[in-house]
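Close look at the chain arrangement
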Amino acid sequence: MPLYGIPLARRLGVPETDCLTIVAGESSKTRSEWARLTDLMLERGFGRDSVVVAVGGGVVGDLAGFVAATYMRGVPVIQVPTTLLAMIDASIGGKTGVDTDAGKNLVGAFHEPVLVLADLPVLRTLPPAEFRAGLAEALKHGLITSTGELDWLLANAAALARLELPALRELVRRHVAIKVRVVKRDMHEAGVRKTLNFGHTIGHAIESVSNYAMLHGECVAIGMLAEARIASAMRIAAPSLVDRVRAALDALGLPSSVPRQMASDTILAATRTDKKARAGAVEYALLADVGQIAAADSGYGTSVPDSVVVDALNASR
Ligand SMILES: NC(=O)c1ccc[n+]([C@@H]2O[C@H](COP(=O)([O-])OP(=O)(O)OC[C@H]3O[C@@H](n4cnc5c(N)ncnc54)[C@H](O)[C@@H]3O)[C@@H](O)[C@H]2O)c1
Ligand SMILES: [Zn+2]
């Protein structure tokens, strides 16, 4: 927010007293921050005619979006994503919310933005690790969509790493389109939207066991390889899928190994608090192949025996 939010407000003639900032990082995505922000808005006399403009990464987008969803029973939100992850993923589709001690994103609301504005040159100030974390969601989109999308991403990996604007523009254009297409078919995640959770059951578990010290995208990267292993072990996918996912992670400079100090049992236990668990059973969005999610007939969720999860995690070290 201080980097881009205040200058943006100045240029728009918005008084600085209307700008609320948070401490950077996942640790701000909490109910107490939601309470602090809504209290400040009430104190400063923000009315029903307010519009929340969320300038920042996915943390700001999710938190400010949840503030907008609930303030005076809902005011409009404009998302101005400043990370790659937020541009191609978090700012689109209306999921907002906060984390709780029990897990990530467990309290929230669907609240679609009235506008999403992504200004690509802001990515030049983004730390490289954060940029790569965004590429993990791009890889997820490629893997769940088609070989063509996956190939485009890998063919452009070098240009993207150099932050070349034409490649970035095409990346954001393609990946916004992928996310919009899925979300339009299934806003409330009753079916096809679950495919966007590929890599996330394990990914969220690792993220929460790391106490959010690891980046969301890094955890999803590791999660995608582990979940490809699970699919292969369950004979849902061919073993070659595992090699393809690993090669893609390497090409994009993404991690693929579960941190040594994290016990597989601890990660397994953490999967149970993920909101993809239904009636106690954890559901995975598994790939049958690139562009093909398993269990399309039964809502895209597959339950996996604990021993298969543990084996896949052990193999990912
Ligand atoms: N709502 C959704 O559909 C959805 C989808 C995916 C992820 N998410 C959520 O998004 C969050 C992760 O978002 P993120 O990866 O954007 O992380 P983030 O919001 O924590 O931002 C990463 C870091 O980069 C800084 N930053 C942001 N833009 C910058 C810029 N242009 N230059 C320099 N620094 C900049 C931030 O201050 C922060 O320190 C997670 O909480 C995740 O759950 C939500
Ligand atoms: Zn994600």
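Read on for an overview of the structure.

The rules behind each value
Residues numbered from 1 in each chain as written. Chains lettered and ligands numbered in written order. Predicted model: local features only at pLDDT ≥ 70, side-chain atom pairs only at ≥ 80, totals over all residues. Heavy atoms only, no water. Buried < 20%, exposed > 50% of the residue type's maximum accessible area, 1.4 Å probe, protein only. Helix = DSSP H or I, 4+ residues; strand = E, 2+ residues; numbered from the N terminus. Arc of directions from axis to C-beta. Contact = heavy atoms within 4.5 Å. Donors = N, O, S within 2.8 Å, 3.2 Å for Na, K, Ca; no water. Near = heavy atom within 4 Å. Polar contact = N/O pair within 3.5 Å; in protein donor to acceptor, adjacent residues only side chain to side chain. Areas by Shrake-Rupley, 256 points an atom, 1.4 Å probe, with all protein chains shown as cover. Nonpolar A, V, L, I, M, F, W, Y, C, P; charged D, E, K, R; others polar. Pairing = 2+ DSSP bridges. Salt bridge = Lys/Arg side-chain N within 4 Å of Asp/Glu carboxyl O. Core = buried A, V, L, I, M, F, W, Y, C linked by side-chain atoms within 4.5 Å.

What follows is about helix α12 (residues 264-271). Every buried residue of α12 is listed here: S264, I267, L268, A270 and T271. For α12, the angular spread of buried residues about the axis comes to 160 degrees, placing them on one side. Of the surrounding secondary structure, the elements contacted by the buried residues of α12 are α9 (200-209), β7 (281-284) and α13 (306-315).

Around the zinc ion (ligand 2), the protein supplies E137 (OE), H200 (NE2) and H216 (NE2) as donor atoms, at distances of 1.9 to 2.2 Å. Between consecutive donors of the zinc ion (ligand 2), the numbers of intervening residues give the motif E-x62-H-x15-H. Taken together, the positions of E137 in helix α5 (residues 128-145) and H216 in helix α10 (residues 216-233) put the pair 79 residues apart, joining distant regions of the chain. This pair shows no difference in class: E137 is buried, exactly as H216 is.

Residues in contact with ligand 1 amount to 24 residues; listed here are only the nearest, E26, G58, T82, T83 and T125. The separation between an oxygen atom of ligand 1 and a polar main-chain atom of G58 is 2.7 Å. The contact in question runs from an oxygen atom of ligand 1 to an N or O atom on the side chain of K179, over 3.4 Å. In the complex, the protein chains occlude 83% of the 870 Å² of accessible area that ligand 1 would expose alone. Elements with a minimum of two residues in the shell around ligand 1: α3 (58-70), α4 (84-90) and β4 (103-110). Partitioned by chemical class, the residues of the shell around ligand 1 number nine nonpolar, seven polar and eight charged.

Our focus in this paragraph is the sheet that holds strand β1 (residues 52-56). With parallel pairing, the three strands of this open sheet are ordered in space as β1-β2-β5. Two strands bound the open sheet, and with one partner strand each, they are β1 and β5 (115-116). Here two bridges tie strand β2 (residues 77-81) to β5, and the two strands are oriented parallel to one another. The residue of β5 that forms the bridge with Q79 is V116.

Looking now at the environment of R260. Tracing the chain through its elements places R260 in the loop between α11 (240-251) and α12. As for R260 and A109, which are separated by 151 residues in sequence, their C-alpha atoms are 35 Å apart.

Before going further, it helps to examine the pattern of salt bridges. Pairs may arise between side chains of opposite charge once their charged atoms sit close together. Under the defined criterion, the tally for this structure stands at 19 salt bridges. As a salt-bridge pair, K29 and D99 come within 3.8 Å of each other at their nearest N and O atoms. Of the two residues, K29 is situated in the loop between α1 (5-12) and α2 (31-43) and D99 in strand β3 (residues 95-100); the sequence distance between them amounts to 70 residues. For the pair K29 and D99, a shared accessibility class is recorded, and that class is buried. Here R246 and D243 are joined by a salt bridge, their closest N and O atoms 3.0 Å apart. Taken together, the positions of R246 and D243, both in helix α11 and three residues apart, correspond to about one turn of that helix. Overall, the relative accessible area of 29% leaves R246 in the partly exposed class. Classification of D243 as partly exposed rests on a relative accessible area of 44%.

Now for the nonpolar core. In terms of nonpolar packing, the biggest core is built from 72 residues, with L139, L143, L160, I206 and I230 touching the most fellow members. No other element matches α10, which puts ten residues into this core. Every residue in contact with L160, bar those within four places of it in the chain, is listed here: F131, L135, W152, L153, A167, L168 and L171.

Peptide bonds are trans in most cases, and residues, glycine excluded, mostly fall at negative phi. Positive phi values are uncommon outside glycine, yet E189 reaches one of about 60 degrees. Among the structural elements, E189 can be located in the loop between α8 (165-185) and α9. Overall, E189 belongs to the buried group, its relative accessible area being 14%.

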